[in-house]
Amino acid sequence: MVSSNLKKGLFVILVGVIIWFLAVPAGLKPQAWQLFSIFVATILGFILQPLPIGSIAFIAVTFSALSGVLKPAEALSGFSNITIWLIVSAFLFAKGFIKTGLGRRIAYMIIKAIGDSTLKLGYAIVISDLIMAPAMPSSAARAGGVLFPVVRSLNSALGSEPGPTARKVGAYLLQTEYHGNAITCAMFMTAMAGNPLIALLAAKTLNIEITWGQWALAAIVPGLISLLVVPYFIYKFDPPELTELPESKEMARRELAKMGALTSAEKIIAAVFCGALLLWSTSQFTKIDATVVAMLGVSVMIITNVLEWKDILEEKGAWDTMIWMGSLVALADYLSKLGFIPWFAKVVGASIVGIPWLPAFGILLLVYVYAHYAFASLTAHITAMYAAFIAVAAAAGAPPYLVALALAFMSNLCMSLTHYGGAPAPIFFGAGYVDQGTWWKVGFMVSVVNLIIWVGLGSIWWRVLGLW
């Protein structure tokens, strides 16, 4: 085992060294190319895992500062990212739900209502996400803060924990909600923080206006089809061990009877949860950041002694995720700031000059979507590439609204690809139910399904609406 990990580690280093010493492409600073080599080696390390991913990320950030590619403050800048702290707070929200038993109670109530099959539970969870999506522009708050604790408790109630029992139902439910969340992010302009930026960039770059209503109307048909198809696709592609749960409703009734009335701790968690939900859904009026709301909720749990400090220290998943996600965010952020991502976009644009608009648009769309393997943030991906790619596609003759809408929706749906592709990703992956290989395999297949639905069927719908 040690020998195998050593070989993997040496291979990761070799790839990074080779890229580092290759000739720097024209138009790119040596510093940007060197950071790219570190980033590629880090992602490869995440895939092969000669060491835990937190260790790999820590080493990568250390080397980026030691080598002088980044200044120490730049290398560590990811840990000040507000999304990282939203993720940590989401883990602690889940801790409160589980410790007090409120999560179990909610889980049993859901099971009692519709819990006679695993597939139905999957649909119930993504429908819950859809209901909240228009009013909650934080995918991490919606999926991580609200639904993750419920799903995690459902898993425990059904006897599915990380390890040998993970595939009973837990792996399916977690993957279904994660991919369902990517779909709901795409369905409303206010469902993900980067979506308003897309509308702004489309207006500035192509001189077209995408209103909230246009966005929702254009997304409603492909979005509902996708929400219908994707949970079933995952159910068939990576099936749970338990499909029918004939005794689950009666089990839920018995367990709810045993739990009795709500305890004071459960009431506090419920009040914190409702308060956070209210503040998240009204953030456009209150101007209170979603991360601050989450941290406020955790603070109330600490003050009321629902969570003790030792509970927070013992939440290893939160701190492990903070290390690797914070490291990756810093590396990805500076790839853009140092000019690598804009250079990459220009190279792609230059390579399709003279190609008819339809194949040119198809190439750009695929490159745009799968470039997300290099991003740990949807907003960063949009900021770095959206304007450049829609400009190139439109210049090739593609209809502006078709280009703007297709890339807008795929800017959200590409989150499915990796376990770091969006804010909720490390929360769901960090639960330990799905190995990285399976996560990436399912994520890639779901991305193909979404491309067919959203760009294939969706473009027909947009044509019916007269948008292109």
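In case you missed it, the structure is sitting above this.
All figures in this text were calculated on a predicted structure; none of them were measured in a lab.

Rules used throughout
Residues numbered from 1 in each chain as written. Predicted model: local features only at pLDDT ≥ 70, side-chain atom pairs only at ≥ 80, totals over all residues. Heavy atoms only, no water. Helix = DSSP H or I, 4+ residues; strand = E, 2+ residues; numbered from the N terminus. Buried < 20%, exposed > 50% of the residue type's maximum accessible area, 1.4 Å probe, protein only. Contact = heavy atoms within 4.5 Å. Areas by Shrake-Rupley, 256 points an atom, 1.4 Å probe, with all protein chains shown as cover. Lys, Arg positive; Asp, Glu negative; His and termini not counted. Charge placed at Lys NZ, Arg CZ, Asp CG, Glu CD. Axes fitted to C-alpha atoms, helices over the stretch in contact; angles between N-to-C directions. Left-handed = near helix turned anticlockwise from the far one by under 90°. Nonpolar A, V, L, I, M, F, W, Y, C, P; charged D, E, K, R; others polar. Salt bridge = Lys/Arg side-chain N within 4 Å of Asp/Glu carboxyl O. Core = buried A, V, L, I, M, F, W, Y, C linked by side-chain atoms within 4.5 Å. Parallel < 35°, antiparallel > 145°, perpendicular 65-115°, else oblique. Phe/Tyr/Trp six-rings, centres within 6.5 Å; stacked < 30°, edge-to-face > 60°. Expected span 1.5 Å × (residues − 1).

Draft legend 1. Expanded view of the overall build of the chain. Within the chain, the regular secondary structure consists of 23 helices and zero strands. Dimensions of the chain, computed from C-alpha atoms along their principal axes, come out at roughly 70 × 55 × 45 Å. When each of the 468 residues of the chain is scored for burial, the buried share is 54%. Looking at the chain alone, contacts between residues at least 24 apart form 79% of all its contacts between residues at least 6 apart. Accessible surface, the chain: about 18800 Å² in total, of which carbon and sulfur atoms supply 71%. Of the charged side chains in the chain, 28 are positive and 21 negative, and the gap between their average positions amounts to 3 Å.

Draft legend 2. A look at the packing of helix α7 (residues 118-132) against helix α11 (residues 212-237). Where α7 meets α11, the axes come as close as 10 Å, and the angle between the chain directions of the two elements is 145°. The crossing of α7 and α11 is right-handed. Between α7 and α11, the residues in contact are Thr118, Leu119, Tyr123, Val126 and Leu130 and Leu224, Leu227, Leu228, Pro231, Tyr232 and Tyr235, respectively. Its residues placed into classes, the contact of α7 with α11 shows ten nonpolar, one polar and no charged.

Draft legend 3. Structural context of the pattern of salt bridges. One pass over the structure, following the stated rule, counts eleven salt bridges. A salt bridge links arginine 105 to glutamate 266; its shortest N-O distance comes to 2.8 Å. Residue arginine 105 is found in helix α6 (residues 102-114), and its partner glutamate 266 is found in helix α13 (residues 264-281); the two are separated by 161 residues along the sequence. Here glutamate 266 falls in the buried class, since its relative accessible area comes to 2%. As a salt-bridge pair, lysine 258 and glutamate 255 come within 3.6 Å of each other at their nearest N and O atoms. Of the two residues, lysine 258 and glutamate 255 both sit in helix α12 (residues 248-259), three residues apart, roughly one turn of that helix. For lysine 258, a relative accessible area of 66% gives the class exposed. The class for glutamate 255 is buried, based on a relative accessible area of 18%.

Draft legend 4. Here's a closer look at the nonpolar core. Ranked by size, the top nonpolar core spans 170 residues in total, and within it Trp280, Tyr386, Phe409, Tyr420 and Trp454 carry the most contacts. Not counting residues within four places of it along the chain, the set of residues in contact with tyrosine 420 comprises Ile43, Phe46, Trp324, Met325, Leu328, Tyr373, Phe375, Ala376, Ala425 and Trp440.

Draft legend 5. Summary view of unusual backbone geometry. Unlike most non-glycine residues, glutamine 49 shows phi in positive territory, near 50°. Of note, glutamine 49 is situated in the loop between α2 (30-48) and α3 (53-66). One non-glycine residue, asparagine 207, lies in positive phi territory at about 60°. Note on asparagine 207: relative accessible area 71%, which makes it exposed.

Draft legend 6. How the structure looks around the packing of α11 against helix α21 (residues 400-413). At a closest axis distance of 11 Å, the pairing of α11 and α21 adopts a crossing angle of 75°. As far as their axial angle goes, α21 and α11 are roughly perpendicular. Between α11 and α21, the residues in contact are Gln214, Trp215, Ala218 and Ala219 and Tyr401, Leu405, Ala408, Phe409 and Asn412, respectively. Of the residues that constitute the contact of α11 with α21, the class distribution is seven nonpolar, two polar and no charged.

Draft legend 7. The arrangement of the side chain of serine 37 in detail. In this fold, serine 37 is placed in helix α2. Of the residues examined, serine 37 reaches a relative accessible area of 1% and is grouped as buried. If we skip the residues at most four places from it in the chain, serine 37 touches Gly16, Ile19 and Trp20.

Draft legend 8. Representation of the packing of aromatic side chains within the structure. Enumeration according to the criterion identifies 26 aromatic pairs in this entry. Both rings, one in phenylalanine 46 and one in tyrosine 420, keep their centres 6.3 Å apart while their planes meet at 65°; by these two values the pair is edge-to-face. In this pair, phenylalanine 46 is assigned in helix α2 and tyrosine 420 in the loop between α21 and α22 (425-430), connecting sequence segments 374 residues apart. On the basis of relative accessibility, which here comes to 0%, the residue phenylalanine 46 falls in the buried class.

Draft legend 9. Spatial organisation of the environment of leucine 417. Note on placement: leucine 417 falls in the loop between α21 and α22. Look at leucine 417 and you get buried, because its relative accessible area is 0%. The spatial distance from the C-alpha of leucine 417 to the C-alpha of leucine 217 is 26 Å, given a sequence separation of 200 residues. Residue contacts for leucine 417: discarding those within four places in its chain leaves Val369, Tyr370, His372, Tyr373, Trp439, Trp440, Gly443, Phe444 and Ser447.

Draft legend 10. Region of the structure containing α6. Taking 1.5 Å of rise per residue, 13 residues should cover 18 Å, and α6 covers 18 Å from first to last C-alpha, within 8% of that figure. Regarding α6, the residues found buried are Leu102, Gly103, Arg105, Ala107, Tyr108 and Ile111. Residues of α6 that are buried sit in contact with α5 (82-100), α8 (139-157), α12 and α13.

Nothing here speaks to function; it is all geometry.
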